[in-house]
Amino acid sequence: MGDNPATRQEDFLQKPPYRAADPAAFNKKLQGSCHCGRVKYWLNKDQPLNAKFCHCRGCQVMHGAPFQWAAIFHKEDMMFEKGAEDLVFYQSESRHLEHELPCKASCSHCRTPIMDEGRNMVLLFPTLIKFAGQKERDLFSVKCHIFYSQRVVDIPDGTPKWTGLDGEGKSKLLDDLP
Ligand SMILES: [Zn+2]
Ligand SMILES: [Zn+2]
């Protein structure tokens, strides 16, 4: 890759989750796909590093849902079947449609949200995964709720409820039952 900024911008296509270091050796354990089926990805792990429900206003709006279910994986553990083909990106801070990290990726056809991509991690949305059964889905159970102070629904499931991000700065724990 050269020093040309236009070329550099496309460098991400050569790295996970768009391209695995060795695609033939990638252990395809779980598959996720968007509603129309154009976007498909594989995971080489049975379970995420962590899973949370995010109740922030941004997630409520961008997902058109009361809260967002996010499962965290290393980028190396995810592989898109066709790279970034059929994906569109959205940078919520600048509100640009560019692959500018951190950003959200969605299907360009059916607009299903696929993941929030950070620098080293992805927060993917497990509702897209085809689980073999309840046991497999349970491995994605959430360990906490974040931005619970912005919630539109109470979820007294016994897991920690943070006012902001989990364990960060001014974020406080809220009671499970209001
Ligand atoms: Zn789609
Ligand atoms: Zn959120």
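Residues numbered from 1 in each chain as written. Chains lettered and ligands numbered in written order. Predicted model: local features only at pLDDT ≥ 70, side-chain atom pairs only at ≥ 80, totals over all residues. Heavy atoms only, no water.

Going by what an unreviewed UniProt entry lists, the chain is known as CENP-V/GFA domain-containing protein and is assigned to Apiospora hydei. Turning to the chain, the UniProt record has this under Sequence similarities (unreviewed entry): "Belongs to the Gfa family." (UniProt positions renumbered as here; feature names shortened; annotations may be inferred.)

Draft legend 1. Representation of the coordination of the zinc ion (ligand 2) in the model. Coordination of the zinc ion (ligand 2) by the protein involves Cys54 (SG), Cys56 (SG) and Cys59 (SG), with metal-donor separations of 2.1 to 2.3 Å. Positions of the donor residues of the zinc ion (ligand 2) along the chain correspond to the pattern C-x1-C-x2-C. Each member of the pair, Cys56 as well as Cys59, carries the same accessibility label: buried. (Donors = N, O, S within 2.8 Å, 3.2 Å for Na, K, Ca; no water. Buried < 20%, exposed > 50% of the residue type's maximum accessible area, 1.4 Å probe, protein only.)

Draft legend 2. Highlighting the packing of aromatic side chains. This model, assessed by the stated rule, comprises 9 aromatic pairs. Measuring from centroid to centroid gives 5.9 Å for Tyr41 and Phe80, while their planes differ by 75°, and the two rings are edge-to-face. Linking Tyr41 in strand 2 (residues 40-43) with Phe80 in strand 5 (residues 78-80), this pair joins segments that are 39 residues apart in sequence. On the accessibility criterion, Tyr41 (1% relative accessible area) is buried. When its relative accessible area of 3% is taken as the criterion, Phe80 is described as buried. (Phe/Tyr/Trp six-rings, centres within 6.5 Å; stacked < 30°, edge-to-face > 60°. Helix = DSSP H or I, 4+ residues; strand = E, 2+ residues; numbered from the N terminus.)

Draft legend 3. Geometry of the side chain of Gln31. Its place among the elements puts Gln31 in strand 1 (residues 30-33). You can call Gln31 buried: its relative accessible area is 17%. Gln31 has contacts with Lys40, Tyr41, Trp42, Leu128, Ile129 and Lys130, leaving out every residue within four places of it along the chain. (Contact = heavy atoms within 4.5 Å.)

Draft legend 4. Layout of the sheet that holds strand 2. If you walk across this open sheet you meet the 3 strands as 1-2-5, and the pairing is antiparallel. Two strands lie at the open edges of the sheet, namely strand 1 and strand 5, each paired on one side alone. Put simply, the sheet's adjacent strands are angled 25° from each other on average, direction ignored. Taken together, the 4 bridges between strand 1 and strand 2 define a ladder with antiparallel strand orientation. Residue pairing across strands places Gly32 opposite Tyr41, the latter belonging to strand 2. (Pairing = 2+ DSSP bridges. Axes fitted to C-alpha atoms, helices over the stretch in contact; angles between N-to-C directions.)

Draft legend 5. Structural detail: the coordination of the zinc ion (ligand 1). On the protein side, the zinc ion (ligand 1) has Cys34 (SG), Cys36 (SG), Cys107 (SG) and Cys110 (SG) as donor atoms, found 2.3 to 2.4 Å from it. The coordination sphere of the zinc ion (ligand 1) comprises 4 donor atoms, whose angles at the metal cover 106 to 112°; the geometry is tetrahedral. Motif for the zinc ion (ligand 1), donor spacing along one chain: C-x1-C-x70-C-x2-C. Note that Cys34 is positioned in the loop between strand 1 and strand 2 and Cys107 in strand 7 (residues 103-107), a separation of 73 residues in sequence. (Tetrahedral: all angles 85-135°; square planar, octahedral: opposite > 155°, others 65-115°.)

Draft legend 6. How the structure looks around the layout of surface pockets. Considering only enclosed or pocket space, the largest pocket measures out at about 460 Å³ in volume. Around the largest pocket, the lining is made up of 24 residues, and of these Cys59, Gln68, Pro102, Asp116 and Leu123 lie nearest the centre. Grouping the constituent residues of the lining of the largest pocket by class yields 15 nonpolar, 4 polar and 5 charged. (1 Å grid on protein atoms, 1.4 Å probe; cavity = no way out; pocket = protein on both sides within 12 Å on 5 of 7 lines; lining within 4 Å. Points joined across faces, edges and corners; volume = space filled by probe spheres on them. Nonpolar A, V, L, I, M, F, W, Y, C, P; charged D, E, K, R; others polar.)

Draft legend 7. Layout of the pairing of strand 7. Of all 5 residues making up strand 7, 5 are buried, and the element is well covered by its neighbours. Burial along strand 7 is two-sided: the face carrying Cys103, Ala105 and Cys107 and the face carrying Lys104 and Ser106 are both buried. As judged from the 4 bridges shared by strand 6 (residues 87-90) and strand 7, these two strands associate in the antiparallel manner. Opposite Leu87, over in strand 7, you have Cys107 as the bridge partner.

Draft legend 8. Examining the UniProt feature "domain: CENP-V/GFA" (unreviewed entry) in the chain more closely. As recorded in UniProt, the sites labelled "domain: CENP-V/GFA" (unreviewed entry) are residues 30-163. Counting secondary structure, residues 30-163 comes out at 9% helix and 34% strand; the distance between its end C-alpha atoms is 32 Å.

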